[in-house]
Amino acid sequence: MSEDLSEGEKGDTVSDISAHGDSIRGRMPRISSVDAMETWVSYQKGKKLYIVLISLHGLIRGENMELGRDSDTGGQVKYVVELARALGSMPGVYRVDLLTRQVSSPEVDWSYGEPTEMLTPLNSESFMEDMGESSGSYIIRIPFGPKDKYVEKELLWPYIPEFVDGALNHIIQMSKVLGEQIGDGQPVWPVAIHGHYADAGDSAALLSGALNVPMLFTGHSLGRDKLEQLLKQGRISRDEINTTYKIMRRIEAEELALDASEIVITSTRQEIEQQWRLYDGFDPILERKLRARIRRNVSCYGRFMPRMVIIPPGMEFHHIIPHDGDMDGETEGNEDHPRTPDPVIWSEIMRFFTNPRKPMILALARPDPKKNITTLVKAFGECRPLRELANLTLIMGNRDGIDEMSSTSASVLLSILKLIDKYDLYGQVAYPKHHKQSDVPDIYRLAAKTKGVFINPAFIEPFGLTLIEAAAYGLPIVATRNGGPVDIHRVLDNGLLVDPHDQQSIADALLKLVADKQLWAKCRQNGLKNIHLFSWPEHCKTYLTKIASCKPRHPQWQRTDDGTENSDTDSPGDSLRDIQDISLNLKFSLDGDKNEASGNPENSDENAVDGKSKLENAVLTWSKGFVRDTRKAGFTEKSDQNTGTGKFPALRRRKHIFVIAVDCDTNTDTLETAGKILEAFGKEKTEGSVGFILSTSMSISEVHSFLVSGGLSPSDFDAFVCNSGSDLYYSSLTSEESPFVLDLYYHSHIEYRWGGEGLRKSLVRWTASINDKMADNERIIVENEQVLTEYCYAFKVQKPGMVPPVKELRKLTRIHALRCHVIYCQNGTKLNVIPIMASRSQALRYLYVRWGVDLSNIVVFVGESGDTDYEGLLGGVHKTVILKGVCASNQLHANRTYPLTDVVPFDSPNIVQMTEDCSGSDIRSSLEKVGVLKG
């Protein structure tokens, strides 16, 4: 499947990859603040941007964050809130939305159930100068998953599609609001959607595809790295790891994020070189070669890589005043200058110590084995000189009783308490049960006041934000040499790095800093001198220049040069131009799918640019506005028989849309099921309140034959999602000879990272390699040239049991940087390869974005099993009807890397399961029960 990428690669220099070479080679970004700001100001001049951030799990609010409450509410929560707040204060950024989960539960504070929370800007005065009605940074809480219940991140996976649908609704509505305020009436789409952690990466990929906008991703911590660490510890098996952490679903989400992201933002070189390179979808060597080829205008054969960019997390410094005194030099105060009372948290810590004036060694981490606190306590307990010179403070989150903690956290805490007892450290170690997030600055100040040291002894630390916080308060650091602290230390030079497994090394480093006052003072000064490099403004300047480097993408049918009036509906595409756009979609020829774009010569650019097909040039010409008279393409606004108007596609006027997504391996079975559903709702179909969509792996020519064989008419359906979601057609209202109209805008929507002919050639070579393994020239899989299209490469599988499972083919395409969806169809007898942004479920979201089809009014009918894209059809705000006994073969799903129950909410009220051999009246009754139809 490989392609020769050696041409022109010899003698690669740093300059060849200067656009991103620092990130690949692992150096900290060297963009000066002045250059970054000038680049950004130049880009955004006259623009007001909308940015969407996503962070799903944990409890997120702007003030009094409950960091350490549980493993889901930690440093990431602080990071995303501060990033949103900082971005909202940057020039050119009009609005930032941080999307998270709405939690209305007695288990948590009422504030987490509030739909919207405005984040107070960093600099209120400058912010007010450019403030508009909806400008600023906001936390937007989207309801999804079980109501009235807080759900940990490992159990959120089944509800991701429901979040995506809710977030899509918010973004579309907000784009309209912003359009009225700053967009001259045209929707203002997000300039980027940025997912944080695997669950949000999965969500951002779907939203990016649904809206056709650039995606950014930050992993924070990565599943493959966690899996390796857990396996090395040997405490639980791989199956137990997957059951506990849903680790394989998490890894697949991270792979999907790599497929869809334009930029992956990392904090350190270690994250790229030791963590991301574990993934099928990223190879730093191949990435460097592809980027060099792009710069030299040499073909990459349909291969794509996300760009890795190192941008360290920022910190808010405006409120920090480093403490210059010490415990002995504290003044008593007088009437004119009364002494400020000590923070309450100081007394909570000091009460543990026999001699509270000794330097404080401070560790701030939850009781998790990977944080390595037990080794720190051993190092302290076994080094008598260190015990004589210093105290140890352990801030390990919040707890009430040990019995109420998770088993893992309780085990770590009990181990620490036993060590304190073993080494008789009473009076020398503090471990308070409670602290507020607002207490953390005071804890750092107390440690600095005692001339103490901050330590992070974690086995591996992806970044180490607490190290930056400690440095800002004038604390020297001792930190693990594994991960982000290496980069932080390189910039700040304010402490010592240690092997976290070496107990003696930890003790020696701490003793050196505590005992050598000159070294302590030098480290303190270095940290304070260089800390500004980690400020949020510095982070945001670099961040925004990276966004500026992305090619802008947004829904292509929105026009500013058309004067048509809006209709009286309130969906995103409410103009006469929307249905006229369909007229430009070239009519389908039933002679074969490969000629489906032959179309109207008046709308074609005969001079193909950059090797684009006539289809692509027609879209290009069209999008540039060269075509003014849309009626020249032959569309006649003939009244629809059910609604009496041809202004919009019929589906947009339906009260409910029923999607038949049953894809059996025989037409007979599919026809029987489709006929049953059509008959059950014949009354509503005649009245026009219900419309039907056929969603299938078949090509449009196969669909036509299918309809003819079953005595059905194309007009029985409002739309056809074909080729596993890579093509979208509407029923033509004007021509019996050409009964389908292709939506070319849908192609512009899904073509991101589509490998085209380079991908097809790679797939053909792959099939040849599979067939070569067989004797007597027997062929297992062959290209199906009769039904392949521009955006779907189809193959016949002649021996389904002998082809590699879908997970292996997905892995192979990712290893070779071929970004696509690989789908086994019709019980494994067919293979479709389509764009990464395309799918049958995403096609439904496209119908919402373009035509305003309400997703909650859609009912999707599926079999008991189905194609390997089956799981994508089950979740979301739409209703799903599972027909037992239909497509009951599980052959295609036996090789999934995670069980279906990990990703499908079978207990959801949106999923209805029918008994085997149910009748049409049974189906109708079930939908009446869930409120889809009136009895």
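Not measured: the values here are computed from a predicted model.

Draft legend 1. How the structure looks around the overall build of the protein. Within the protein one finds 31 helices and 26 strands. Partitioning the contacts of the protein with sequence separation of at least 6, the portion at a separation of at least 24 is 73%. With an accessible surface of roughly 37,300 Å², the protein has 47% of that area assigned to carbon and sulfur atoms.

Draft legend 2. Here's a closer look at the sheet that holds strand 12 (residues 453–456). Taken in spatial order, the six strands line up as 11-10-9-12-13-14 in an open sheet, and their pairing is parallel. Each end of this open sheet is capped by a strand with a single partner; those strands are strand 11 (429–430) and strand 14 (495–498). Pairing of strand 13 (residues 477–480) with strand 14 involves four bridges; the strand directions are parallel. Along strand 14, the bridge assignment pairs Ala479 with Leu497. Its contacts with the sheet put helix 13 (residues 373–382) on strand 9 (360–364), strand 10 (391–395), strand 11 and strand 12, and the angle it makes with strand 10 is roughly 170°. Seen against the sheet, helix 16 (residues 440–449) touches strand 9, strand 10 and strand 12 and runs at an angle of roughly 155° to strand 9.

Draft legend 3. Fine view of the environment of Leu712. Mapping Leu712 onto the fold places it in the loop between helix 26 (700–709) and strand 17 (719–722). With 41 residues separating them in the primary sequence, Leu712 and Leu671 have C-alpha atoms 9.2 Å apart. Not counting residues within four places of it along the chain, the set of residues in contact with Leu712 comprises Leu671, Leu678, Leu707 and Phe717.

Draft legend 4. Structural view of the nonpolar core. Core analysis: the biggest nonpolar cluster contains 102 residues, and Ile54, Phe163, Ile193, Leu207, Leu211, Trp276 and Leu847 have the highest contact counts within it. Residue contributions to this core peak at nine residues, all from helix 5 (residues 160–182). Excluding its chain neighbours within four sequence positions, the residues that come into contact with Trp276 are Phe217, Leu222, Glu254, Leu258, Val264, Thr266, Glu271, Phe282 and Met308. Core analysis: the second largest hydrophobic core is formed by 72 residues, Leu419, Leu465, Leu510 and Cys523 among them.

Draft legend 5. Fine view of the pairing of strand 13. One ladder, built from three bridges, connects strand 12 with strand 13; its direction is parallel. Along strand 13, the bridge assignment pairs Asn456 with Ala479. Between the parallel pair strand 12 and strand 13, the chain is carried across by helix 17 (residues 465–472), and the sense of this crossover is right-handed. Since strand 13 and strand 14 lie parallel, the crossover through helix 18 (residues 485–492) that links them has a hand, and here it is right-handed.

Draft legend 6. Representation of the pattern of salt bridges. Taken as a whole and judged by the stated rule, the model has 40 salt bridges. Close ionic contact of Asp259 with Arg819 constitutes a salt bridge, the shortest N to O distance being 2.9 Å. Of the two residues, Asp259 is situated in helix 9 (residues 247–260) and Arg819 in the loop between helix 29 (806–815) and strand 22 (820–825); the sequence distance between them amounts to 560 residues. The buried category is assigned to Arg819, whose relative accessible area is 1%. Its salt-bridge partner being Arg760, residue Glu783 comes within 2.9 Å of it at the nearest N-O pair. Here Glu783, found in strand 20 (residues 781–783), pairs with Arg760, found in helix 28 (residues 756–772); they are 23 residues apart in sequence, far enough to count as distant. Here the residues in one salt-bridge network are Glu252, Asp259, Arg814 and Arg819, joined through shared partners.

Draft legend 7. Structural context of the sheet that holds strand 22. Taken in spatial order, the four strands of this open sheet run 20-21-23-22, and their pairing is antiparallel. Pairing within the sheet leaves two strands with one partner each, and these edge strands are strand 20 and strand 22. Pairs of neighbouring strands in the sheet enclose a mean axial angle of 25°, with direction left out of account. Note that strand 22 and strand 23 (residues 830–835) share six bridges and pair antiparallel. Residue Ile823 lies in a different strand from strand 23, and its bridge partner there is Asn832.

Draft legend 8. The arrangement of the packing of helix 13 against helix 15 (residues 407–422) in detail. At a minimum axis distance of 9 Å, the contact between helix 13 and helix 15 shows a crossing angle of 5°. Here helix 15 runs roughly parallel to helix 13, going by the angle between their axes. Between helix 13, through Ile373, Thr374, Val377 and Lys378, and helix 15, the contact on the second element is made entirely by Val412, Ser415, Ile416 and Leu419. Counted by class, the contact of helix 13 with helix 15 contains five nonpolar, two polar and one charged residues.

Draft legend 9. Main features of the confidence of the model for the protein. Averaged over every residue, the pLDDT of the protein is 83; the share at 70 or more is 81%. Residue range residues 7–33 is modelled with pLDDT below 50. Its contacts to residues more than four positions away, or to other chains, number 63 contacts. Here residues 559–647 is modelled with pLDDT under 50, and outside its nearest four sequence neighbours on either side it reaches 169 contacts, counting other chains as well.

Draft legend 10. Spatial organisation of a negative patch on the surface. A contiguous patch of negative charge on the surface is contributed by Asp665, Asp669, Glu672, Glu916 and Asp917. Relative to the assigned elements, Asp917 resides in the loop between strand 26 (911–914) and helix 31 (920–929). With relative accessibility at 71%, the residue Asp917 sits in the exposed group.

Draft legend 11. Local environment of the pairing of strand 4 (residues 136–142). Within strand 4, seven of the seven residues are buried, which leaves it mostly tucked inside the rest of the structure. Burial of strand 4 is two-sided: the residues Gly136, Tyr138, Ile140 and Ile142 facing one way and the residues Ser137, Ile139 and Arg141 facing the other way are all buried. Summarising the sheet, strand 2 (residues 93–101) and strand 4 pair through seven bridges and their orientation is parallel. The residue of strand 4 that forms the bridge with Arg95 is Gly136. Bridge analysis of strand 3 (residues 116–119) against strand 4 gives four bridges, and the strand direction is antiparallel.

Draft legend 12. Just helix 7 (residues 223–233), in detail. Taken together, the buried positions of helix 7 are Gly223, Asp225, Leu227 and Leu230. Considering only its buried residues, helix 7 is in contact with helix 8 (238–245), helix 9 and helix 10 (269–275). Positive backbone phi, at 70°, marks Gly234, one or two positions downstream of helix 7.

The rules behind the values
- Residues numbered from 1 in each chain as written.
- Predicted model: local features only at pLDDT ≥ 70, side-chain atom pairs only at ≥ 80, totals over all residues.
- Heavy atoms only, no water.
- Helix = DSSP H or I, 4+ residues; strand = E, 2+ residues; numbered from the N terminus.
- Contact = heavy atoms within 4.5 Å.
- Areas by Shrake-Rupley, 256 points an atom, 1.4 Å probe, with all protein chains shown as cover.
- Pairing = 2+ DSSP bridges.
- Axes fitted to C-alpha atoms, helices over the stretch in contact; angles between N-to-C directions.
- Core = buried A, V, L, I, M, F, W, Y, C linked by side-chain atoms within 4.5 Å.
- Buried < 20%, exposed > 50% of the residue type's maximum accessible area, 1.4 Å probe, protein only.
- Right-handed = clockwise from strand over helix to strand, strands pointing away.
- Salt bridge = Lys/Arg side-chain N within 4 Å of Asp/Glu carboxyl O.
- Parallel < 35°, antiparallel > 145°, perpendicular 65-115°, else oblique.
- Nonpolar A, V, L, I, M, F, W, Y, C, P; charged D, E, K, R; others polar.
- pLDDT = per-residue confidence, 0-100.
- Patch = residues over 30% accessible without salt bridge, like charges linked within 9 Å, V, L, I, M, F, W, Y side chains within 5 Å.
- Lys, Arg positive; Asp, Glu negative; His and termini not counted.
- Charge placed at Lys NZ, Arg CZ, Asp CG, Glu CD.

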